[in-house]
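Here are the chains, one letter per residue:
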Amino acid sequence: MARASLPAASARHYMRLEQDIRRHCPSFSSDMEAGTADEKYSVEPLKGLGDEAYVEIHEIEYEGNVRTEYAAHARVGGVLVSVTGVAGVADRDDTVRWTAHLARKVGSTLYAAGEG
């Protein structure tokens, strides 16, 4: 899990830039010690998490095996929350669920701080 706090406009720009990078370069090959791995990225928007959110799907194919990793990213105001699932342990739903939980916590903290 990672968190960063920026001005809201900068956080919005950062989220969109990260998504654009994945969309413009969705696949590539990388050299490994014993061969080449093919990597593919895709991005799907998530509804109802903070001000904006998306899940990143990363598939790595190496020697006939495919491993899928998930990372979910949410923006609440200027706060960025990212949760990366552990391949083989956390699936897409777990990763999104944790991100939603953290986004709610950040939102309640931010908006509670503005009261009074």
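Read on for an overview of the structure.

So, how was this worked out
- Residues numbered from 1 in each chain as written.
- Predicted model: local features only at pLDDT ≥ 70, side-chain atom pairs only at ≥ 80, totals over all residues.
- Heavy atoms only, no water.
- Helix = DSSP H or I, 4+ residues; strand = E, 2+ residues; numbered from the N terminus.
- Contact = heavy atoms within 4.5 Å.
- Lys, Arg positive; Asp, Glu negative; His and termini not counted.
- Charge placed at Lys NZ, Arg CZ, Asp CG, Glu CD.
- Buried < 20%, exposed > 50% of the residue type's maximum accessible area, 1.4 Å probe, protein only.
- Phe/Tyr/Trp six-rings, centres within 6.5 Å; stacked < 30°, edge-to-face > 60°.
- Lys NZ or Arg CZ within 6 Å of the ring centre and 35° of its normal.
- Salt bridge = Lys/Arg side-chain N within 4 Å of Asp/Glu carboxyl O.
- Core = buried A, V, L, I, M, F, W, Y, C linked by side-chain atoms within 4.5 Å.

Concerning the overall build of the protein
Moving on, step 1. If you tally the helices and strands in the protein, you get two helices and six strands.
Moving on, step 2. Reading the secondary structure of the protein in the N-to-C direction produces β-α-β-β-β-β-β-α.
Moving on, step 3. Seen through its principal axes, the protein has C-alpha atoms that stretch 60 × 30 × 25 Å.
Moving on, step 4. Restricting the contact set of the protein to residue pairs at least 6 apart, pairs at least 24 apart contribute 46%.
Moving on, step 5. Looking at the protein, you have 13 positive and 18 negative side-chain charges, and the mean spots of the two groups are 10 Å apart.

So, unusual backbone geometry
Moving on, step 1. Here the phi dihedral of Glu-63 falls at roughly 50 degrees; this positive angle occurs in a residue that is not glycine.
Moving on, step 2. Locating Glu-63 in the fold gives a position in the loop between strand S4 (52-62) and strand S5 (65-76).
Moving on, step 3. Given the relative accessible area of 60%, Glu-63 is considered exposed.

Side note on the packing of aromatic side chains
Moving on, step 1. The final tally for this structure, using the stated rule, is one aromatic pair.
Moving on, step 2. Measuring from ring centre to ring centre gives 6.1 Å for Phe-28 and Tyr-41, while their planes differ by 25 degrees; the resulting arrangement is stacked. With a gap of 13 residues between them, Phe-28 in strand S2 (residues 27-32) and Tyr-41 in strand S3 (residues 35-46) connect regions that are remote in the sequence.
Moving on, step 3. The ring centre of Tyr-41 lies 4.0 Å from the NZ or CZ of Arg-22, which sits over that ring.

Some points on the pattern of salt bridges
Moving on, step 1. For the coordinates displayed, the defined rule picks out eight salt bridges.
Moving on, step 2. Here Arg-16 makes a salt bridge to Glu-52, at a shortest N to O gap of 3.7 Å. Placement of the pair is Arg-16 in helix H1 (residues 8-24) and Glu-52 in strand S4, with a sequence separation of 36 residues.
Moving on, step 3. The exposure class assigned to Arg-16 is partly exposed, which follows from its relative accessible area of 44%.
Moving on, step 4. Judged by relative accessible area, Glu-52 falls into the buried class, the value being 15%.
Moving on, step 5. As a salt-bridge pair, Arg-67 and Glu-69 come within 3.0 Å of each other at their nearest N and O atoms.
Moving on, step 6. Assessed through its relative accessible area of 42%, Arg-67 is described here as partly exposed.

Remarks on the nonpolar core
Moving on, step 1. In this structure, Leu-46 and Leu-49 are the most contacted members of the largest nonpolar core, which totals 17 residues.
Moving on, step 2. Mapped onto this core, the elements with two or more residues apiece are S4, S5, strand S6 (79-84) and helix H2 (92-113).
Moving on, step 3. Every residue in contact with Leu-46, bar those within four places of it in the chain, is listed here: Ala-53, Tyr-54, Val-55, Ala-72, Arg-92 and Val-96.
Moving on, step 4. Formed by five residues, the second largest nonpolar core is a distinct cluster that contains Ala-11, Met-15, Val-43 and Tyr-54.

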